[in-house]
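Chains, contacts and geometry: an overview
Here's the letter readout for the chains.
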Amino acid sequence: MLDFVQQLVSGVALGCVYGLIALGFVLVYKATEVVNFAQGDLMMLGGFFAFTFIGMMGLNYWIGFAGAVAAMALFGMLAERVVVRPILGYPQFSIIMATIGLGYFLRSVAGMIWGTDDLKIETPFSQGVLRMGSLVLAYDKLSVIAATMILCALLWLFFNKTMLGTAMRASSENMLAAYYMGIPVKRVVSVVWAISAAVATCAGVLLAPITFIHSNVGLVLGLKAFPAAVLGGFGSIPGAVVGGVLIGVIESMAGFYLPEGWKDVAPYVVLLTVLLLKPEGLFGLHVRKKV
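Residues numbered from 1 in each chain as written. Predicted model: local features only at pLDDT ≥ 70, side-chain atom pairs only at ≥ 80, totals over all residues. Heavy atoms only, no water.

Note the threshold: UniProt positions are given in the numbering used here, feature names are shortened, and annotations may be inferred rather than shown by experiment.
An unreviewed UniProt entry annotates the protein as Branched-chain amino acid ABC transporter permease of Bradyrhizobium vignae. Of the protein, the UniProt comment under Subcellular location (unreviewed entry) reads exactly: "Cell membrane".

Next up, the structure:
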């Protein structure tokens, strides 16, 4: 039973990281109907920024964390302005290829600047453990779960209680109607990309105590976070987080209880099963087409 609880907590913590990356996929898709396949690489770049501020410059962890989030928010706006906005209106395949190219570019630049070695960020939660009788839970994993819950609550408040959040929801529902109502759609889209990059950075910094940061970590985790967004229902913000947690728990349990090799396969088996039974995902809206 203790092993089950420990694997469950580890799976939820890893799933929270997947969920935050998937949340970036969903935010950008809802605002622009663009699938940003560079989302995982934005997480990777944010992790490297945090390592630079905290590990190399010696800044306080929280100041370095905030600095990395702010830097990546600006970078997200720049990426949207330079890479995506000029080709909006072109076929979706063109935009997808542009984001894939952006991901390759970011991985190459990160390898040239920070090298190919695995890097780790020391956090205030790296060493401690919580003991409850025979059960031992690491603070780094519990901190990831707590931070994800806080971040999701802040995003909910932002989208539901602020004017800008309301404008973003209106733009995601009908961009043309929002434009006619006087909402600055281009500025809203830039802010969405900024939030997406900032959330990805939070995922990268939270991931650092659990695993190492390297130039390909964004590609690996992005390939797991994208199915999490699909599992939850592409376009559903709560579904992205729930899908990420489910993928993380399934992966953790499969790695512990099933034979070797099932750890990476089991989440996709579950994903395919769910999509066969519920093609729109767990939280997606079902649209019945008339023939």
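A short note on the side chain of Thr-52
Quick note on the threshold: By the criteria applied, helices consist of DSSP H or I runs no shorter than four residues and strands consist of E runs no shorter than two, each listed in order from the N terminus. The definition of a polar contact used here is a pair of N or O atoms within 3.5 Å, where within protein one atom must be able to donate a hydrogen and the other to accept one, and adjacent residues in sequence count solely through side-chain atom pairs. Contacts are residue-level and defined by heavy atoms, with any inter-residue pair within 4.5 Å sufficient.
Here Thr-52 shows up in helix α2 (residues 39-56). Engagement of the side chain of Thr-52 in a polar contact is seen with the backbone oxygen of Phe-48, the distance being 2.9 Å. Ignoring anything within four residues of it in the chain, the contact list for Thr-52 reads Met-57 and Trp-114.

A closer look at the pairing of strand β2 (residues 135-138)
A regular strand places its side chains so that they alternate between the two faces of the sheet. Where we set the bar: A simple rule labels every residue: compare its accessible area, found with a 1.4 Å probe on the protein chains alone, to the largest value its type can have, and call it buried under 20%, exposed over 50%, or partly exposed in between. Strands pair, by our definition, only if DSSP identifies at least two bridges between them.
Of the two faces of β2, only the one carrying Leu-135 and Leu-137 is buried; Val-136 and Ala-138 on the other face are not. Of the strand pairs in this sheet, strand β1 (residues 129-132) and β2 are connected by four bridges, and their pairing is antiparallel. If you follow Met-132 over to β2, its bridge partner there is Leu-135. The turn linking β1 back onto β2 is made up of two residues, and Gly-133 within it adopts a positive phi angle of 70°.

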